[in-house]
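# Architecture and fold: a report
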Amino acid sequence: MIFTAFAKAISQFGDPRFRRVIRNGICLSALLLLGGSVLLKLLVAWLIGPSLTLPVIGEVTWVSSFLSNGVLVMMLAASTFMMIPVASAMASLFSDQVADAVEDVHYPHLPSVKGLSIWDSLKDGISALGVMIAANTLALILYLLLPPFAPFIFWALNGFLLGREYFTLVAARRVGLATAKHLRRRHRFTIWAAGILMALPLSVPILNLIVPVLGAATFTHIYHRLKE
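The structure reproduced in this document is the subject of the present report. (Residues numbered from 1 in each chain as written. Predicted model: local features only at pLDDT ≥ 70, side-chain atom pairs only at ≥ 80, totals over all residues. Heavy atoms only, no water.)

Secondary structure assignment for the protein chain yields 8 helices and 2 strands. Taken from the N to the C terminus, the helices and strands of the protein chain come in the order α-α-β-β-α-α-α-α-α-α. In the protein chain, buried positions account for 43% of the 228 residues. Taking contacts inside the protein chain between residues at least 6 apart in sequence as the whole, the part at least 24 apart equals 77%. Surface accessibility of the protein chain: about 12,400 Å² in total, with carbon and sulfur atoms responsible for 73%. (Helix = DSSP H or I, 4+ residues; strand = E, 2+ residues; numbered from the N terminus. Buried < 20%, exposed > 50% of the residue type's maximum accessible area, 1.4 Å probe, protein only. Contact = heavy atoms within 4.5 Å. Areas by Shrake-Rupley, 256 points an atom, 1.4 Å probe, with all protein chains shown as cover.)

Turning to a nonpolar patch on the surface, a few remarks are in order. Residues Leu138, Ile141, Leu142, Leu145, Leu146, Phe149 and Phe152 make up a contiguous nonpolar surface patch of roughly 740 Å² in combined accessible area. Positionally, leucine 142 belongs in helix α5 (residues 118-145). (Patch = residues over 30% accessible without salt bridge, like charges linked within 9 Å, V, L, I, M, F, W, Y side chains within 5 Å. Salt bridge = Lys/Arg side-chain N within 4 Å of Asp/Glu carboxyl O.)

Residue position: threonine 220 is located in helix α8 (residues 211-226). With relative accessibility at 1%, the residue threonine 220 sits in the buried group. Excluding anything up to four places from it in sequence, threonine 220 contacts Ala99, Val102, Glu103 and Val170.

This part is about the packing of helix α4 (residues 95-106) against helix α6 (residues 150-186). The N-to-C vectors of α4 and α6 enclose an angle of 70°; their axes lie 10 Å apart at closest approach. By the criterion of interaxial angle, the relationship of α4 to α6 is roughly perpendicular. The segment α4 lies against α6, with Ser95, Asp96, Ala99, Asp100 and Glu103 engaging Leu169, Val170, Arg173 and Arg174. Residue classes in the contact of α4 with α6 are distributed as 3 nonpolar, 1 polar and 5 charged. (Axes fitted to C-alpha atoms, helices over the stretch in contact; angles between N-to-C directions. Parallel < 35°, antiparallel > 145°, perpendicular 65-115°, else oblique. Nonpolar A, V, L, I, M, F, W, Y, C, P; charged D, E, K, R; others polar.)

Counting 41 residues, the largest nonpolar core has Phe18, Val98, Leu162, Phe167, Met198, Val213 and Phe219 as the members making the most contacts within it. The set of elements that each furnish at least two residues to this core consists of α1 (2-11), α2 (16-48), α4, α5, α6, α7 (188-199) and α8. Element by element, the count of residues in this core is highest for α6, at 10 residues. Among residues more than four places away in sequence, those in contact with phenylalanine 167 are Ala180, Leu183, Arg184, Ile191, Phe219, Tyr223 and Leu226. (Core = buried A, V, L, I, M, F, W, Y, C linked by side-chain atoms within 4.5 Å.)

Here we come to the pattern of salt bridges. Applying the stated criterion to the full structure yields 6 salt bridges. One salt bridge connects arginine 17 with aspartate 15, and the closest N-O pair in it is separated by 3.3 Å. Across the pair arginine 17 and aspartate 104 runs a salt bridge, and its minimum N-O distance is 2.8 Å. Of this pair, arginine 17 sits in helix α2 while aspartate 104 sits in helix α4, and the two are 87 residues apart along the sequence. A network of salt bridges, in which partner residues are shared, links Asp96, Asp100, Glu103, Arg173 and Arg174.

Here is the structure:
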């Protein structure tokens, strides 16, 4: 069932609605990360001020510029790590569009749905982003302690998080959050296994940026199979 759903999702990647969601998710993520980097640079410059008095050396004017530019470079470098969870969170705002596209092609007999409100989508996306960043940050400790097992820890952890997030999003459109969470708990191992399949492309640069759309499409198919 999982591989069938995955194959169906891939076969629909020519759909303009899929490409639009990928493009919007990447653009919004890049703008968010760049904007955050610039704001942090300005904050550091404002806190330090135009000059700083150091012991022995006296007043210097280059510290503010050095630190604020250093923060900007660090944030831009960290963005390569942050891009994936942020892109996932941004794409969750558009998951309804992916699910609609899948259902229009594969389940045309279904009635239309209202879907989640913008507020619910935003709240869920922010929550998922926070959990994903926190979990992956803590996992860095395990990567250092158990380097041979790092890829497996990465796939298992992110598979769990991705499966949990995308199944809930696509199911809640039709049955509400409470019932979606009940279905998720009932089929947790199937959902986790499918999530691991979604996590594998996370290790591949560029390819990892399509995971949010691939996940939403795959789990739309999985939801319709599991609810039967």
